[in-house]
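In case you want the letters, here they are:
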Amino acid sequence: MVLARAFILATISLTISLPLRTDSFRALFAQGAEANEFPLPGWRPNQSPLHLTDYVGRKVCAQCHPSEATTQPATPMAHAAEAVGDCAILRKHPHFNFRLGPFRYEIDCRGNRCIYSVSDGKRTLSTPILWAFGQGKAGQTYVLKWEESYYQSYVSFFNDTKTLDITLGFPKTTPPTLEAALGLPLSAEEAPNCFGCHTTAGVNRGRVVTDHLIPGVSCEACHGPGARHSAAMKSGHLRKTYIFSPAELKPDELADFCGACHRTSVQVQVMDIRGVANVRFQPYRLEKARCWNPDDSRISCLACHNPHEQLNEDPAFYDSKCLACRRIKGSVSSSTDHFGPACPVGFRNCVNCHMPKYALPGGHFKFTDHWIRVVKSDESYPF
Ligand code: HEC
Ligand code: HEC
Ligand code: HEC
Ligand code: HEC
Ligand code: HEC
Ligand code: HEC
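Below you will find a few notes about this structure. (Residues numbered from 1 in each chain as written. Chains lettered and ligands numbered in written order. Predicted model: local features only at pLDDT ≥ 70, side-chain atom pairs only at ≥ 80, totals over all residues. Heavy atoms only, no water.)

## Looking at the site of ligand 6
Stated formally: Note on definitions. A residue lies near a molecule or strand when any single heavy atom of the residue is within 4 Å of it. Here a polar contact is taken to be a pair of N or O atoms separated by no more than 3.5 Å, where protein atoms must pair a possible hydrogen donor with a possible acceptor and residues adjacent in sequence count only if both atoms sit in side chains. A run of H or I in DSSP counts as a helix once it spans at least four residues, and a run of E counts as a strand once it spans at least two, with each numbered from the N terminus. Only Asp, Glu, Lys and Arg are considered charged in this grouping, and only Ala, Val, Leu, Ile, Met, Phe, Trp, Tyr, Cys and Pro are considered nonpolar; every other residue, Gly among them, is considered polar.
Close to ligand 6 lie 16 residues, the nearest being Cys343, Arg348, Cys350, Cys353 and His354. Contact between ligand 6 and His354: a nitrogen atom at 2.7 Å from a side-chain N or O atom of the residue. Per element, the largest residue contribution to the shell around ligand 6 is three residues, and it comes from helix α15 (residues 350–354). Of the residues contributing to the shell around ligand 6, the split by class is eleven nonpolar, three polar and two charged.

Written out as structure tokens, the structure is:
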């Protein structure tokens, strides 16, 4: 039981909230507090403050920040949760079937309503899907309500097969009862964690509150609630912005900031998540690289990713990022800026060899190992 629990935690429903690295935590708050009287006490990217009415939604931000507001809504993060009517996967596949031992699963969509049901041939349990969690690059899990509790569906959509299969992290054995086959209830601690990472303004005082919920990671998930900022900017009071900008965070603070949802190094170490399961926790992997330097912005998450834009999947895109610190044969000489010898093997598409991809068992998806390194041909996954 303990083992099964640990496995579930280590995979998709990792739900324990642990402190960030204390220094970064303090710095994050000190910066906001001094520079902008913000973030609000208790605010973190995956936790909402006391007043959910302080959230204004992306359309308001778009009035003054058109470039971010044009590209960000198309990112997978913005679709980390979707209402059924907005869910591209359920629109494309309005009907799913899946058999698991004696149980038959069905998802049946009509208009903006999708019914998830499981039957053992004698009895059928049916309930509407409330939200689709995960934009579906790897997979998509359905959040349901059953007897006053939120549930995650026992079966999820997987993109590689375009069908349902057992949700990642769930036991591969046949569930003992029809009720258990429906899904796993989310405990009072788990539900707010899921909603905290996959929605904006969906959690208040440690509880899921849906009145102001914005599905997905929207502007205010990372910048904090924007009512005061928007009002101040509208009235021309530009001296204080009253909104949080992660632009000035150091690489280690930023790794913790993104890590609030992607998991921090400290979390992975405290929970002792070993083996290939930790490949999906980029802050932890990146901080193991010899390249890592908490004070050098050339190796921060933002050096390679713009959170307002789509993930770039062209390996050549990252060459200039590597070459900001590294050299290629015959180019700039070794200096404090460009350290170490040049690569004796390749001069382009560096990430293909130095950031290999790994599949998670049952995950139907390959993650990119952010432990940048020379990969030995005979090595087993280092952790
Ligand atoms: C009425 C126009 C307006 C609206 C609405 C608005 N902003 Fe701004 N925002 C501004 C202006 C102007 C600045 C630049 C202030 C400066 O640089 O002094 C700014 C700055 C920012 C910054 C940088 C803050 C800093 O201290 O560096 C962030 C982040 C930001 N806005 C996010 C948002 C988000 C998120 C929303 C929606 C919740 C939003 N803004 C709504 C006008 C607006
Ligand atoms: C509020 C939680 C949250 C925060 C904060 C957050 N992310 Fe994410 N991010 C997610 C979730 C959830 C997904 C998965 C979206 C999906 O595929 O459904 C994701 C996905 C991504 C992806 C994958 C996109 C793809 O094409 O598969 C990248 C890259 C990413 N995040 C980078 C970042 C960076 C960089 C930061 C920090 C600046 C950050 N994230 C902060 C929740 C968050
Ligand atoms: C600590 C933050 C966090 C919590 C809690 C969390 N997730 Fe996620 N989830 C993420 C991030 C970040 C990603 C993207 C990277 C990855 O797949 O690990 C993700 C990815 C996913 C994906 C795959 C998305 C895709 O596009 O393929 C699904 C499905 C998912 N989560 C469902 C859930 C469900 C259901 C819960 C609650 C039972 C949950 N998550 C809890 C942060 C979280
Ligand atoms: C996943 C986290 C995340 C989300 C979601 C997000 N941002 Fe940002 N935003 C950042 C980070 C990190 C920076 C600092 C780096 C940069 O400038 O790209 C930033 C910077 C900004 C800035 C510039 C601040 C400056 O100091 O120059 C503005 C304006 C802004 N964001 C607006 C938005 C708006 C509007 C949305 C929604 C449409 C949004 N952001 C969604 C993380 C996020
Ligand atoms: C040196 C460049 C680099 C840095 C720094 C970097 N990444 Fe990435 N990241 C990549 C590459 C390359 C990919 C894979 C792109 C592809 O092929 O899909 C990627 C993919 C991702 C994904 C998608 C899931 C996956 O594993 O493929 C997430 C999420 C992500 N990065 C988050 C982060 C976070 C959070 C940080 C900071 C802790 C970070 N990255 C720092 C290069 C970088
Ligand atoms: C085809 C695969 C491949 C590509 C592409 C590649 N490398 Fe390498 N790289 C290797 C291998 C293998 C080694 C180890 C060579 C050895 O130890 O003899 C290595 C070694 C290195 C080293 C260590 C040098 C030393 O002696 O300490 C650095 C730094 C490096 N690569 C950077 C890069 C950069 C930057 C790029 C892109 C411009 C790149 N590599 C492209 C495979 C590759």
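Anyway, onward from the coordinates.
## Details of the site of ligand 4
Taken together, 18 residues lie near ligand 4, and His65, Cys219, Cys222, His223 and His308 sit nearest. Taking Ser245, its side chain carries an N or O atom lying 3.3 Å from an oxygen atom of ligand 4. His308 is positioned with one of its side-chain polar atoms (N or O) 2.9 Å from a nitrogen atom of ligand 4. Taken together, the elements giving at least two residues each to the shell around ligand 4 come down to α3 (58–64), α4 (66–71) and α8 (219–223). A per-element tally of the shell around ligand 4 places α8 first, with three residues.

## A closer look at the coordination of the iron atom of ligand 5
Under the convention used in this document: Here a donor is an N, O or S atom found within 2.8 Å of the metal, or within 3.2 Å if the metal is Na, K or Ca; sites may look incomplete because water is not among the atoms. Each label reflects the angles at the metal, where four donors whose angles all fall between 85 and 135 degrees are tetrahedral, four or six donors whose opposite pairs open beyond 155 degrees and whose other angles stay between 65 and 115 are square planar or octahedral respectively, and the rest are irregular. A 1.4 Å probe rolled over the protein chains alone gives each residue an accessible area, and that area as a share of the maximum for its type sets the label: buried under 20%, exposed over 50%, partly exposed in between.
Ligation of the iron atom of ligand 5 by protein atoms is provided by His305 (NE2) and His370 (NE2), these donors lying 1.9 to 2.0 Å from the ion. For the iron atom of ligand 5, the six donor atoms are set out with angles of 87 to 179 degrees between them, so the coordination reads as octahedral. Taken together, the positions of His305 in the loop between α13 (301–304) and α14 (319–322) and His370 in the segment after β16 (366–368) put the pair 65 residues apart, joining distant regions of the chain. On the basis of relative accessibility, which here comes to 30%, the residue His305 falls in the partly exposed class. With relative accessibility at 14%, the residue His370 sits in the buried group.

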